[in-house]
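Working through the structure, step by step
Listed here are the chains, written in short residue letters.
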Amino acid sequence: MFINRIRRRTSAGTALVLAAALVLAACGGGGGGSASGGASTAQTVSQSDIDKAMSTPTELTFWTWVPNIQQEVNLFEKKYPAIKVKVVNAGQGTPQYTKLRTALKAGTGFPDAVQIEFQYIPTFALTKSLMDLRPYGAEALKDKFVPWTWQQVVGSGGQVWAVPQDSGPMGMLYRKDIFDKYGIAVPKTWDEFAAAARKLHAADPNVSMTNLAQSQAGVWFGLLWQAGVKPFETPSTDSVKVNLNGDGSKKLATYWGGLIKDGVVSADADFNDAWYQALNRGKYATWLTAAWGPVFLAGSAKATAGKWRAAPLPQWQAGQNASGNWGGSTTAVVQGTKNPIAAAKLAEFINTDPASTKMFATQQFLFPVTKALLADSSYVDQPLPFYGGQPVNKLFAGISDTVDTKFQWPPFLDQAVNDWNETVGKSFANKSDTNAALDQWQDRITKYAQNQGFKVNQ
Amino acid sequence: MSVTTDQRLEASAPSRREARRQRRGVGHASTGYAFVAPFMVVFVAMLVLPLAYAAYLSLFQERLIGGTVFAGLGNYTRALTDPRLLDGVGRVALFFVIQVPVMLVIALVAALAIDSGLLRAAKAFRLGIFLPYAVPSVVAALMWGYLYGRDFGPFSQLAGDLGLPAPKFLTSSWMLGSLANVVTWEFTGYNMIILYAALRAVPHDLYEAAAVDGAGAIRTAWSIKIPALRPALLVCVIFSVIGSFQLFNEPQLMQRLAPSVIDSGYTPNLYAYSLAFTGQEVNYAAAVSFLLGAVIVVASYAVLFVTTRRSRS
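Scoring rules and cut-offs
Residues numbered from 1 in each chain as written. Chains lettered and ligands numbered in written order. Predicted model: local features only at pLDDT ≥ 70, side-chain atom pairs only at ≥ 80, totals over all residues. Heavy atoms only, no water. Helix = DSSP H or I, 4+ residues; strand = E, 2+ residues; numbered from the N terminus. Rg over C-alpha atoms; globule rule 2.2 N^0.38 Å. Buried < 20%, exposed > 50% of the residue type's maximum accessible area, 1.4 Å probe, protein only. Contact = heavy atoms within 4.5 Å. Areas by Shrake-Rupley, 256 points an atom, 1.4 Å probe, with all protein chains shown as cover. Lys, Arg positive; Asp, Glu negative; His and termini not counted. Charge placed at Lys NZ, Arg CZ, Asp CG, Glu CD. Core = buried A, V, L, I, M, F, W, Y, C linked by side-chain atoms within 4.5 Å. Domains from an automatic or database assignment. pLDDT = per-residue confidence, 0-100. UniProt positions renumbered as here; feature names shortened; annotations may be inferred. Pairing = 2+ DSSP bridges. Axes fitted to C-alpha atoms, helices over the stretch in contact; angles between N-to-C directions. Buried area = accessible area lost by both parts, 1.4 Å probe. Salt bridge = Lys/Arg side-chain N within 4 Å of Asp/Glu carboxyl O. Polar contact = N/O pair within 3.5 Å; in protein donor to acceptor, adjacent residues only side chain to side chain. Phe/Tyr/Trp six-rings, centres within 6.5 Å; stacked < 30°, edge-to-face > 60°. Lys NZ or Arg CZ within 6 Å of the ring centre and 35° of its normal. Expected span 1.5 Å × (residues − 1). Patch = residues over 30% accessible without salt bridge, like charges linked within 9 Å, V, L, I, M, F, W, Y side chains within 5 Å.

This part takes up the overall build of chain A. For chain A, the count of helices and strands is 21 helices and eleven strands. Against the compact-globule benchmark of 23 Å for 458 residues, chain A has a radius of gyration of 23 Å, which places it among compact chains. Dimensions along the principal axes, computed over C-alpha positions, put chain A at roughly 70 × 55 × 50 Å. The buried share among the 458 residues of chain A stands at 60%. Put simply, of all contacts in chain A between residues at least 6 apart along the chain, 75% involve residues at least 24 apart. Accessible area of chain A: about 17,600 Å², with a carbon and sulfur share of 54%. The averaged location of the 35 negative side-chain charges in chain A is 5 Å from the averaged location of its 43 positive side-chain charges.

Turning to the nonpolar core, a few remarks are in order. Judged by nonpolar contacts, the single largest core of 147 residues is most densely connected at Ile116(A), Trp220(A) and Trp256(A). A per-element tally of this core places helix H15 (residues 340-352) of chain A first, with eight residues. Split by domain, the residues of this core number at least three in each of domain 1 (47-166 + 329-365) and domain 2 (170-326 + 405-456) of chain A. Leave out the neighbours within four places in its chain, and Ile116(A) touches Tyr97(A), Leu100(A), Ile121(A), Phe124(A), Leu130(A), Ser329(A), Thr330(A) and Ala332(A). Ala107(B), Leu108(B), Val183(B) and Leu234(B) belong to the second-largest nonpolar core, a separate cluster that totals 56 residues.

Another point: the confidence of the model for chain B. Mean pLDDT over chain B: 87, with 90% of residues reaching 70 or higher. Long-range and interchain partners of residues 1-13 of chain B, a stretch whose pLDDT sits below 50, account for one contact in this model, where long-range means more than four residues apart.

A few words now on the UniProt feature "transmembrane region" (unreviewed entry) in chain B. Residue and element names in this part refer to chain B. The positions UniProt marks with the feature "transmembrane region" (unreviewed entry) are residues 33-56, 92-113, 125-147, 174-199, 228-248 and 284-306. Within residues 33-56, the helical portion is 100% and the strand portion 0%, while the C-alpha atoms at the span's ends are 30 Å from each other. Between the end C-alpha atoms of residues 228-248 there is a gap of 33 Å, over a span that is 81% helix and 0% strand.

On to the sheet that holds strand S6 (residues 232-236) of chain A. All names here are of chain A. Read from one edge of the open sheet, three strands run S6-S7-S11, paired in mixed fashion. Edge positions in the sheet fall to S6 and strand S11 (455-457), since each has one partner strand and no second. Averaged over all neighbouring strand pairs, the angle between strand axes comes to 25°, with direction disregarded. Of the strand pairs in this sheet, strand S7 (residues 239-242) and S11 are connected by three bridges, and their pairing is parallel. When the sheet's bridge partners are listed, Lys-241 is paired in S11 with Asn-457.

Before going further, it helps to examine the interface of chain A and chain B. Counting residues at the interface gives 53 residues for chain A, matched by 51 residues for chain B. Buried surface at the junction of chain A and chain B, summed over both partners, amounts to about 4,500 Å²; 56% is from carbon and sulfur atoms. Summed over the shared surface of chain A and chain B, the number is three salt bridges. Across the contact surface, chain A and chain B share twelve residue pairs in polar contact (both at pLDDT 80 or more). Residue assignment for the side of chain A that touches chain B shows that the elements contributing at least two residues are helix H1 (2-12), helix H2 (14-28), helix H6 (94-106), helix H13 (273-280), helix H20 (413-430) and helix H21 (434-451) of chain A. A per-element tally of the side of chain A that touches chain B places H2(A) first, with nine residues.

Under the counting rule described, the total for this entry stands at 58 aromatic pairs over all chains. Here Phe145(A) and Trp150(A) contribute two aromatic rings whose centre-to-centre distance is 5.6 Å and whose plane-to-plane angle is 20°, an arrangement assigned as stacked. The burial state of Phe145(A) is the same as that of Trp150(A); both residues are buried. Between the aromatic rings of Trp148(A) and Trp225(A), the centroid separation amounts to 5.6 Å while the plane-to-plane angle is 85°, which identifies the pairing as edge-to-face. With Trp148(A) in helix H8 (residues 147-153) and Trp225(A) in helix H11 (residues 217-226), this pair connects stretches of sequence that are 77 residues apart. Both residues of the pair, Trp148(A) and Trp225(A), belong to the buried class. Between Lys251(A) and the ring centre of Trp316(A), over which it is positioned, the NZ or CZ distance is 4.6 Å. It is Arg78(B) that lies over the ring of Tyr284(B); its NZ or CZ is 3.8 Å from the centre.

With that settled, the discussion passes to helix H12 (residues 247-261) of chain A. Residues and elements named next belong to chain A. With 15 residues, H12 should cover 21 Å at 1.5 Å per step; its first-to-last C-alpha distance of 20 Å lies within 8% of that length. Those residues of H12 that sit buried are Ser-249, Leu-252, Ala-253, Tyr-255, Trp-256, Gly-257, Leu-259 and Ile-260. One or two positions beyond H12, positive phi appears at Gly-263, with a value near 80°.

A word on the domain arrangement of chain A. All names here are of chain A. You can read the domains of chain A as domain 1 (47-166 + 329-365) and domain 2 (170-326 + 405-456). In this complex, domain 1 contributes 14 residues to the contact, which on the side of domain 2 involves 14 residues. Summing the contributions of domain 1 and of domain 2, the shared interface buries around 1,300 Å²; its carbon and sulfur component is 62%. On the surface where domain 1 and domain 2 come into contact, there are one salt bridge.

A few words on the pattern of salt bridges. Note on pairing: side chains with opposite charge can pair once their charged atoms come close. All names here are of chain A. Tallied over the entire structure, the rule returns 22 salt bridges over all chains. Note that Asp-381 and Lys-394 form a salt bridge whose closest N and O atoms lie 3.2 Å from each other. Taken as a pair, Asp-381 in the loop between helix H18 (377-380) and helix H19 (392-400) and Lys-394 in helix H19 lie far apart in primary sequence, 13 residues in all. The class of Asp-381 is partly exposed, set by a relative accessible area of 34%.

Below, the discussion takes up a nonpolar patch on the surface. Together, Phe35(B), Val36(B), Phe39(B), Met40(B), Phe43(B), Val44(B), Val48(B) and Leu49(B) make up a nonpolar patch on the protein surface, roughly 740 Å² of accessible area in all. Looking at the element boundaries, Phe43(B) is found in helix H1 (residues 2-57).

All names here are of chain B. Domain annotation of chain B identifies domain 1 (17-58) and domain 2 (77-311). Computed over C-alpha atoms only, the centres of domain 1 and domain 2 are separated by 35 Å. Taken together, the five residues of domain 1 in the interface contact five residues of domain 2. Summed over both sides, the interface between domain 1 and domain 2 buries roughly 390 Å², with carbon and sulfur atoms accounting for 77% of that surface. Considering only the surface of domain 1 that becomes buried against domain 2, Ala-54, Leu-57 and Ser-58 emerge as the three largest contributors, covering 80% of it. Inspection of the region where domain 1 meets domain 2 yields zero salt bridges. Viewed at the interface, domain 2 and domain 1 are joined by one residue pair in polar contact (both at pLDDT 80 or more).

So, on to the pairing of strand S10 (residues 325-333) of chain A. Residue and element names in this part refer to chain A. The element S10 is largely enclosed, with a buried count of nine among its nine residues. One ladder, built from five bridges, connects strand S3 (residues 113-117) with S10; its direction is antiparallel. Paired with Ile-116 across the strands is Thr-330, a residue of S10. Two strands pair when backbone bridges link them, and strand S4 (residues 162-175) and S10 are joined in this way by six bridges, in the antiparallel orientation. Pairing of Asp-166 across the sheet is with Ser-329, part of S10.

Structure (structure tokens):
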């Protein structure tokens, strides 16, 4: 009898879990982060301090969900034998962030270094959870990275919040066999794409030109990014500019909302069983995805091997050459760590050392962010059999250069994504007015930000 | 010599007896406390303290910019007028009113069938009904999610083969029913076991008396077994009140399949979770949790009140 109660409770009694975590927080008094934070931004750590720290026996904790990252860490440990790194998988994405926030509030149990996705950097920077890496020489790394990826880790005051690890410049994967069957040329513009979608739907209503998932705000942000829209800008830490329903966004909403309403583009939720089945069974003729997509698809839609090809995203104007980004992550150092130097050097090493970055790209299939690797022909010219031998990496390496550098994320990304799902995503699912949904999204986020104490201008 | 020995005996005897009595007395009390202590420690640390702290938290508002301010009952007044919370409470109340009677009737019929002794392979039947309860609700939700699949799910394919339109299990109008189905599937066996256990405790002479009076199996079930089950049924209903109002696992897992149908305010518990972990509104989430707790207390009390009054009349 009690097992049932407990089972339901543990799953349901979030208030208790939460409160327990907060009790710890009360005891911990918020951690030692703030004290060390102020000092570190001012002074640069000298080389002799770095040498001393890197030869002192130290154990670092590193939270990351990259599979087999131990092999890159081994290279680091080989170079700095005094430093031992404990790799912990604390969950992928949101679950890890939740744990990190709890540990930071508790003031204990947080890692020294942590994997953070690009879009979450402002969220964690706002809560003073990340360390500025400038004192450890991070600014000198700038030229090693693709400019837009570097721009993603730089704060409004010039802080360097993390070192980029991988990225997701967006392109289009398409089914060559389906295109050939219905006489569709690879669309170069969004107008051609829409025409192809209608043509395809008329020829076979069971095949959708693409699936714009009702649950994937990341793609929406990527498409906004491509269209040059700046949904969020943060001129200072306590103010935010929210522009979710401006002209650029409305253009996108009219376009996609219209295609979905007419039933020529589907809006199924993604990364679930039905979606995998749909990919395997040829329900979608294209997948608008990121540079990590090709290898992911090859593993998830084995039944369609050899039938896919890759191309850049269609453009809003013929001859234009722009893309956005979806996904990608970084290594950051947690504010309050006792080993800031060693942690900063870990972040630097695994993401800049040529052997380590090559491993990331060729064994874990993370899409590179270093200029060196994106110019390395042994990586980019590699033909992928799933794509009929097309050197897909080369295509995405080219796309990576076309991503706008100035796109910014809000300091409350979770809420922005949640509200996107419940407004814009919902309008896809219900085939209702996406433009009206944009206004709701704007309204909800504005209210939320004001309620959280931000100065909001539109 | 003897005097002194006697004296010593006299002096020591009562004190030793007293000491023994004392030791026995104290010993009893202290072993009792020792047995209860681990529970009390966990109870206080894991339930009382967090509750007190959550209550304390619910009186403040912590903002991303500007820190924490005392809000008094502000979070509670906000919650009482929050349409999303009220919608959620209404939804789980509807869920309770429809799902629980269906589940308990099935559980009752199953328990009576097993108890009747007329069923072949009663043990296998009992285990079969109970088995879904042993399936973790995460697995259950994944499994049903697959079965409910719109394009390639087995039900859809069957409907397609028969030339019927595919059932829309995951649309907003069907979702509550689909969830009720999963919960019924999961918990019918559990309730059946409670009822069956209670049936085994009914004194056999009652059955004999009924048989002497010429009552058949159905009459015995109606007039003796079901009345005897009233306390057990009440336990089931109270558990179901709590379970329904705290609904979280099943909708949260179904959310991946139909994120636009199950939004973050679909059930009150889901809403509190989303407030705390998505919006970082920990204080407001605490207030929402307390109000939900209050709703559950009131609903449980209402069930008790109605049933006890009915049994008396």
